[in-house]
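Listed below are the residues making up each chain.
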Amino acid sequence: MPNKIEVEIEERKKTYPIYMDTDSIEDLKSRIINDFNLKKYLVVISEKVYKLYGKKLNFKSDEIFILKDGEIQKNFKNYQRIIQCCEKKGLNRKSALIAVGGGVVGDITGFAASTYMRGITFIQVPTTLLACVDSSVGGKVAIDTDFGKNLVGAFYQPSAVYINLNFLNTLDEIQFKSGLAEVVKYAFIEKSCEARFDFGLFDFLSVHCAKILDRDLRFLEKVIKVCIELKIAVVTKDEKESGLRKILNFGHTYGHALEKLTNYKMFTHGEAVAYGLHFIFNYAHKTKLIDANYKELATVLLHKFGFYDKTFKFSTQKLIQTMLKDKKAEDNIIKVIVPIMKGYVKESDLDIDVALLNNV
Ligand code: GLY
């Protein structure tokens, strides 16, 4: 089932392939090395993935840097350790950094690749659903600081993305759900992505929810492909988030605040985004941006995928205070992406008074 999608970033005149298949994981190493004719490289791999697939991937112990799991690992110390490892191995401008894991591994490895020797080849092997549909595509790379998430980073496109769907078989339920939240997000923004085709993701997800939750690869493959196509449609037009790309943050302003208030310990990124989606649909209905019918359709879809099973005790006021500290807020104005019609969103200033009436 080989699949190849080309990403063309207009601003950079750079093109890179995203491969998607269910080939043997054992072949991945030789494939990457041959495709890039690599002599020296460092593989940054998630600890979980290493435990499950280390043998199959067959990288030598001196070729890998094992990164513990969790957002907390995306820090300056680990960035420094990766760079030191590159130096010790004598990586040069023709070398590559290869990320094998989820969003955390991809982000920190990409940031290291973007800065080591002013930029070396960066290859992504996403192993979580979230990384497949979102973080491995589009070139956002970063580390977190004490002041917030992704505060030090760059836009640095990978040279290739290798998606092997077999990794998804062993993904734990929590991480799988986290990825699904991003998938559902794409259904809400699909039309605004201005892609070449109308994929009808909203209806596809509604009809095939059970198969997707069962991880039926035929359905997952389709869903991942559509999400990638939508993401590409956006990032090729606006790599640096000066306009259109902001729509990818649908549900994220509230979601990021929730993650931050709970020190990234209580919610996965996707779970927090799902609560953010819930919040913004309530808000949009209260402000008459959408009618009751669309709000109901969206709520049913979100419930079908089984989000919102945690109770938390933050008031909307506290969340709004945190949103005001977000790097995207300016002069006490919180910019949010709001739904306006099925599949369509736009940017708007959050009406804080209305939002406060909207306790989730
Ligand atoms: N994850 C949002 C973006 O790539 O812009």
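So, here's what we can say about the structure. (Residues numbered from 1 in each chain as written. Predicted model: local features only at pLDDT ≥ 70, side-chain atom pairs only at ≥ 80, totals over all residues. Heavy atoms only, no water.)

## Some thoughts on the overall build of the protein chain
This is how the line gets drawn: The numbering of helices and of strands both runs from the N terminus, where a helix is a DSSP run of H or I of at least 4 residues and a strand a run of E of at least 2. As a reference, a globule follows 2.2 Å times the number of residues to the power 0.38, and the radius of gyration itself is taken over C-alpha atoms. When accessible area is computed with a 1.4 Å probe and restricted to protein chains, residues below 20% of their type maximum are described as buried, those above 50% as exposed, and intermediate ones as partly exposed. In what follows, a contact means two residues having at least one pair of non-hydrogen atoms within 4.5 Å.
Regarding its fold elements, the protein chain presents 13 helices and 11 strands. Taking 360 residues into account, the globule formula puts the C-alpha radius of gyration at 21 Å, and the protein chain, at 20 Å, falls close to it. Structurally, the protein chain occupies a C-alpha span of about 60 × 40 × 40 Å along its principal axes. Per-residue burial over the protein chain gives 56% buried out of 360 residues. Relative to all contacts within the protein chain whose residues are 6 or more apart in sequence, the contacts with residues 24 or more apart total 72%.

## Description of the packing of helix α6 (residues 173-189) against helix α7 (residues 201-213)
We count it as follows: To define axes, lines are fitted to C-alpha atoms, for helices over the stretch in contact only, and angles between the resulting N-to-C directions are given on a 0 to 180 degree scale. We call two directions roughly parallel when the angle between them is under 35 degrees, roughly antiparallel when it is over 145, roughly perpendicular when it lies between 65 and 115, and oblique otherwise. Take the far helix as the reference: if the near one is turned anticlockwise from it by less than a right angle, the crossing is left-handed, and if turned clockwise, right-handed. Here the nonpolar group is Ala, Val, Leu, Ile, Met, Phe, Trp, Tyr, Cys and Pro; Asp, Glu, Lys and Arg are the charged ones; every other residue, Gly included, is treated as polar.
Their axes nearest at 10 Å, the elements α6 and α7 cross at an angle of 160°. As judged from the angle between their axes, α6 and α7 are roughly antiparallel. Crossing geometry of α6 relative to α7 is assigned as right-handed. Contacts from Phe176, Lys177, Leu180, Val183, Val184, Tyr186, Ala187 and Phe188 of α6 reach α7 at Leu201, Phe202, Leu205, Ile212 and Leu213. Along the lines of polarity and charge, the residues of the contact of α6 with α7 split into 12 nonpolar, no polar and 1 charged.

## Some thoughts on the pattern of salt bridges
Spelled out, the test is: In what follows, salt bridge is the name for a side-chain nitrogen of Lys or Arg lying within 4 Å of a carboxyl oxygen of Asp or Glu.
Throughout the structure, instances matching the rule amount to 20 salt bridges. One salt bridge in this structure joins lysine 74 and aspartate 144, with 3.7 Å as the shortest N-O distance. Here the residue lysine 74 occupies a position in the loop between β4 (64-67) and α3 (76-88), and aspartate 144 occupies one in strand β7 (residues 140-145), the gap between them amounting to 70 residues. As far as the burial class goes, lysine 74 and aspartate 144 line up, both buried. Here lysine 335 and aspartate 349 are joined by a salt bridge, their closest N and O atoms 2.8 Å apart.

## Quick look at the side chain of asparagine 78
Basically, it comes down to this: Pairing of N or O atoms within 3.5 Å defines a polar contact, subject to two protein rules: one partner must be a possible hydrogen donor and the other a possible acceptor, and residues neighboring in sequence count only if both atoms are side-chain atoms.
Along the chain, the position of asparagine 78 falls in helix α3. By relative accessible area, asparagine 78 is classed as buried at 4%. There is a polar contact of 2.9 Å between the side chain of asparagine 78 and the backbone oxygen of glutamine 73. With residues near it in sequence (within four places) discarded, asparagine 78 still touches Phe65, Leu67, Gln73 and Ile108.

## Topic: the sheet that holds strand β5 (residues 96-101)
One key point about sheets: their strands pair by backbone hydrogen bonds, in either a parallel or an antiparallel sense. As a reminder, the rule being used: Pairs of strands are assigned from DSSP output, requiring at least two bridges between the strands.
Spatially, 7 strands are ordered β1-β2-β9-β6-β5-β3-β4 in an open sheet, and the strand pairing comes out mixed. Sheet topology places β1 (3-9) and β4 at the edges, where each strand pairs with a single neighbour. This sheet shows a mean twist of 15° between the axes of neighbouring strands, independent of strand direction. Of the strands in this sheet, β2 (14-21), β3 (41-46), β5, β6 (121-126) and β9 (160-164) are in contact with helix α1 (residues 28-36), which crosses β9 at around 160°. The strands touched by α3 are β3, β4 and β5; relative to β4, the strand with the most contacts, the crossing angle is about 170°.

## Focus: the pairing of β9
Counting buried residues along β9, 5 of its 5 residues qualify, which places the element largely inside the surrounding structure. Going residue by residue along β9, you find Ala160, Tyr162 and Asn164 tucked away on one face and Val161 and Ile163 tucked away on the opposite face as well. Bridging between β2 and β9 involves 4 bridges; their strand directions are parallel. Each residue of the ladder has a partner; that of aspartate 21, found in β9, is asparagine 164. Bridging between β6 and β9 involves 2 bridges; their strand directions are parallel. Following the sheet pairing, isoleucine 123 is matched in β9 by alanine 160.

## Quick look at the pairing of strand β8 (residues 148-155)
As paired strands, β7 and β8 are joined by 5 bridges and run antiparallel to one another. Its bridge partner lying in β8, lysine 140 is registered against phenylalanine 155. Taken together, β7 and the strand that follows it, β8, pair antiparallel across an intervening segment of 2 residues.

## Some remarks on the site of the ligand
Note the cut-off: Nearness is judged by heavy atoms alone; a residue qualifies as near a molecule or strand once a single heavy atom is within 4 Å of it. Accessible surface area values rest on a Shrake-Rupley calculation with a 1.4 Å probe, where residue burial reflects the displayed protein chains alone.
The environment of the ligand is made up of Asp134, Lys140, Lys231, Glu241, Arg245 and Leu248. Lysine 140 places a polar side-chain atom, nitrogen or oxygen, 2.9 Å from an oxygen atom of the ligand. Computed on the free molecule, the ligand has an accessible area of 200 Å², of which 89% lies beneath the protein chains in the complex. Taken together, the residues of the shell around the ligand sort by class into 1 nonpolar, no polar and 5 charged.

## What about the nonpolar core?
Rules: Nonpolar cores were defined as sets of buried Ala, Val, Leu, Ile, Met, Phe, Trp, Tyr and Cys residues, with membership established by side-chain atoms within 4.5 Å.
Ile18, Phe188, Leu205 and Ile224 are the most contacted members of the largest nonpolar core, which totals 79 residues. Examining the composition of this core, we find that 11 residues originate from one element, helix α8 (residues 217-235), more than from any other. With residues near it in sequence (within four places) discarded, leucine 205 still touches Val183, Val184, Ala187, Ile212, Val223, Leu301 and Phe305. Counting 23 residues, the second largest nonpolar core, distinct from the first, contains Tyr79, Ile82, Ile83 and Ala112.

## Overview of the packing of helix α10 (residues 269-286) against helix α11 (residues 292-304)
Where α10 contacts α11, the two axes come as close as 10 Å, and the packing angle between them is 170°. Comparing the axis directions of α10 and α11 gives the class roughly antiparallel. Residues Leu277, His278, Phe281, Asn282 and His285 of α10 touch α11, and the partners they reach there are Ala292, Tyr294, Lys295, Ala298 and Leu302. Of the residues assigned to the contact of α10 with α11, the class counts are 6 nonpolar, 3 polar and 1 charged.

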